Structures are given as C-alpha cells and as structure tokens.
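The primary structure of each chain is shown beneath.
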Amino acid sequence: MELLELLPHLTSISRDAGKAILDIYQQPHIQAQHKADTSPVTAADLAAHQLIEANLHRLTPDIPLISEESPQPPLAVRSQWPAYWLVDPLDGTKEFLKRNDEFTVNIALIQHNRPVLGIVHVPVSGSTYVGVPGQCAYKLTRQGKQELLQTNRVLGYRPVTLLTSRSHQDPQAQALAERLEERLAPVTLLPMGSSLKFCLLAEGLGDIYMRPQPTSEWDTAAAQAVLEAAGGRVWNQDWQPLGYNQRESLVNPGFLAVGDAQQNWQGLLEGMF
C-alpha cells in the first residue's frame, strides 16, 4: 500500500484512539501508575495502545510495531526491519493527568532510520496533523476540513516564538531567548505540552524549539514527519537530521526543531547547541 493510501486509515485509527482516551479523561478520577523509569501510565495509555496495535496489525500485518507501551526489541532485531511503526499512544501523560488538554496520539512510519509518515491527533480539539515529507502536510479539523500546513520564515520584523516544554524545566530556554533577541528579533516564549510543539511549528504558529533533555524516539517521530513535510527541520546536536533505530537505547539525543529551514541557525546558536 502506498503511503498516501494509508492516510485515511491511519487518521481513523488515531481518532478512534483519541475517543478511547477521552472516555477516560472525562472520568472524575484518573488513576496513574509509574513505570520503571518513573514515567506515569494510565488506563488511557493502555487502551489507546491496544486499539492502535490491533488496527495497525490488521492494516499492515507484515510491518512490526514499537510502542511506548510494549516491550522494546533489541537493536539486533529491529535493525533488520526495512520499515516499522513507531507509536506513542498517549504523548503527554503528565498533561493528561493535569487536565490541560495538551496531549496527543502519535503514529509514525520509519524507513531507513527516518520518519516517512506521521499522524498526530489531538483528542480534545479533534484536530489531526498529517505529514508525508515530500508529498503532503495538512491538518484535519474535527469537522473534516483540510488545512494546508506551512512553516513561517523568520524575517526579523516580527517576534520569534520560542516553544518550551510545559512539564520539563529547561534552564537553557532563557539563555536561548537572550541569544535570539541579541542576534535575530524579539522573543515570545510559548509553553506547550507533548508533540504539539512540533505541530505549532508546522502551522507557522511557532519558530523554534530546542530540547537538550532526553526524550524517547516515539515522542518525536510522528511530529517530526509532520514538521518536515510542512517545510521545517529537526537536527541533532551534530547538525544532522534526527534519526531513528540507530542505537540500542530508544532515547533521543538533544535536538533542535525549527520552522524556517533557510535561517542560519547553526551560526546563530554557535556554542549553545
């Protein structure tokens, strides 16, 4: 099945997972447990995982799946896969528990260590971000209206919007803001949870997001595909595209996500990233 042919099916799967999440989100009390890495997990994470896993297996029985909520195969096994699904059934569990609505369903297809397709669904708003780099980038509203995604140029006469994590303290954010104000333009800070930061970049509602702290590959893959399809870029700390399935650990290195790929970010951020 061609990538574009998968999109209606994946959109439907992500929205069904979003409905399962909302069923639990609307309950008066939400119980959370903690995994070995101390990250929280809820019944909503597990319900979305089970739904996505079952439906992706029916849709593409020959493509393996890695999910935050499933055992992780060793690199020796997964490095042999020509393609695989990389899923975060509920990205932003901390935001879910805080009930601030900033959580997503992330589904990515990885080929040759790169995300070639990404779906990011926002259960509360009903919006679904879709990206296939080199082919399409759009947002589907709850009503099914399709809106083109396109990143913004940084032109110097408007403030630069710096996206920051809602739940993780970033001591470098203020230093980054000061550097950007010194060399580029005034800065507006915008805290946001989950992979929505990438989606705001893809929509042209943000300009830059730097994340030196650890994240997992399932946190970024789907939204990276959306952002890159819309014209943005995601680089690691060696200024190479953020890649996947190359290490035994599924923890990402630090990365920089931007909307304007033509800006000289490496020169602007020399010594900071």
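Residues numbered from 1 in each chain as written. Predicted model: local features only at pLDDT ≥ 70, side-chain atom pairs only at ≥ 80, totals over all residues. Heavy atoms only, no water.

J.: Mind laying out unusual backbone geometry, listing which residues take part and the relevant values?
T.: In this structure, H112 takes a positive phi of about 50° despite not being glycine. Counting through the fold element by element, H112 comes out in the loop between β5 (104–111) and β6 (114–121). Overall, the relative accessible area of 70% leaves H112 in the exposed class. The phi dihedral of W239 is positive, around 60°, even though this residue is not glycine. Relative to the assigned elements, W239 resides in the loop between β13 (233–236) and β14 (255–258). (Helix = DSSP H or I, 4+ residues; strand = E, 2+ residues; numbered from the N terminus. Buried < 20%, exposed > 50% of the residue type's maximum accessible area, 1.4 Å probe, protein only.)

J.: Explain the UniProt feature "binding site: substrate" (unreviewed entry) in the protein chain to me, and be specific about the residues and the numbers.
T.: With numbering aligned to this structure, UniProt lists the feature "binding site: substrate" (unreviewed entry) at E68, L90, D91, G92, T93 and D219. Taking the farthest pair of C-alpha atoms as the criterion, the annotated set spanning 152 residues converges on one region, since that pair is 11.9 Å apart. Within the secondary structure layout, E68 lies in the loop between β3 (65–67) and α3 (75–78). By relative accessible area, E68 is classed as buried at 18%. The contacts of E68, once residues within four sequence positions are left out, are K35, S39, V87, D88, P89, L90 and W218. One polar contact links E68 to K35, side chain to side chain, over a distance of 3.0 Å. By the secondary structure assignment, L90 is in strand β4 (residues 83–91). The class for L90 is buried, based on a relative accessible area of 1%. (UniProt positions renumbered as here; feature names shortened; annotations may be inferred. Contact = heavy atoms within 4.5 Å. Polar contact = N/O pair within 3.5 Å; in protein donor to acceptor, adjacent residues only side chain to side chain.)

J.: Can you lay out the packing of aromatic side chains for me, pointing to particular residues and giving the numbers?
T.: All told, the structure shown has nine aromatic pairs when counted by the stated rule. Here the aromatic rings of F96 and F103 are separated by 5.2 Å at their centres, their planes lie at 80°, and the arrangement is edge-to-face. Overall, the relative accessible area of 0% leaves F96 in the buried class. Residue classification places F103 among the buried positions, given a relative accessible area of 0%. Judged by centre distance (5.5 Å) and plane angle (55°), the ring pair of W235 and W239 falls under tilted. Each member of the pair, W235 as well as W239, is classed as buried. In textbook terms, an aromatic cluster arises when at least three aromatic residues are bridged by ring pairs, as seen for Y25, F96 and F103. The ring of Y25 has R99 lying over it, and the distance from NZ or CZ to the ring centre is 5.8 Å. (Phe/Tyr/Trp six-rings, centres within 6.5 Å; stacked < 30°, edge-to-face > 60°. Lys NZ or Arg CZ within 6 Å of the ring centre and 35° of its normal.)

J.: Please give an account of the packing of helix α6 (residues 196–203) against helix α7 (residues 217–229) that cites residues and values.
T.: Where α6 contacts α7, the axes come no closer than 9 Å and their chain directions differ by 5°. The orientation of α6 relative to α7 falls into the category roughly parallel. Along the contact surface, α6 presents F198, L201 and A202, while α7 presents T220, A223, Q224, V226 and L227. Residues of the contact of α6 with α7, tallied by class, amount to six nonpolar, two polar and no charged. (Axes fitted to C-alpha atoms, helices over the stretch in contact; angles between N-to-C directions. Parallel < 35°, antiparallel > 145°, perpendicular 65-115°, else oblique. Nonpolar A, V, L, I, M, F, W, Y, C, P; charged D, E, K, R; others polar.)

J.: Please set out helix α2 (residues 43–59) residue by residue, giving values where relevant.
T.: Its 17 residues place the ends of α2 24 Å apart at the C-alpha level, agreeing with the 24 Å of an ideal helix rising 1.5 Å per residue. Those residues of α2 that fall on the buried side of the exposure criterion are A44, D45, A48, H49, I52, L56 and L59. Seen along its axis, α2 keeps its buried residues to an arc of 125°; they face one direction. Exposed side of α2, more than 90 degrees from the buried face: Q50, H57 and R58 are the residues found there. Contacts from the buried residues of α2 go to α1 (3–25), β2 (40–42), β3, β4, α4 (93–98) and β5. Its side-chain oxygen 3.1 Å from the backbone nitrogen of A44, T42 forms the N-cap of α2. (Expected span 1.5 Å × (residues − 1). Arc of directions from axis to C-beta.)

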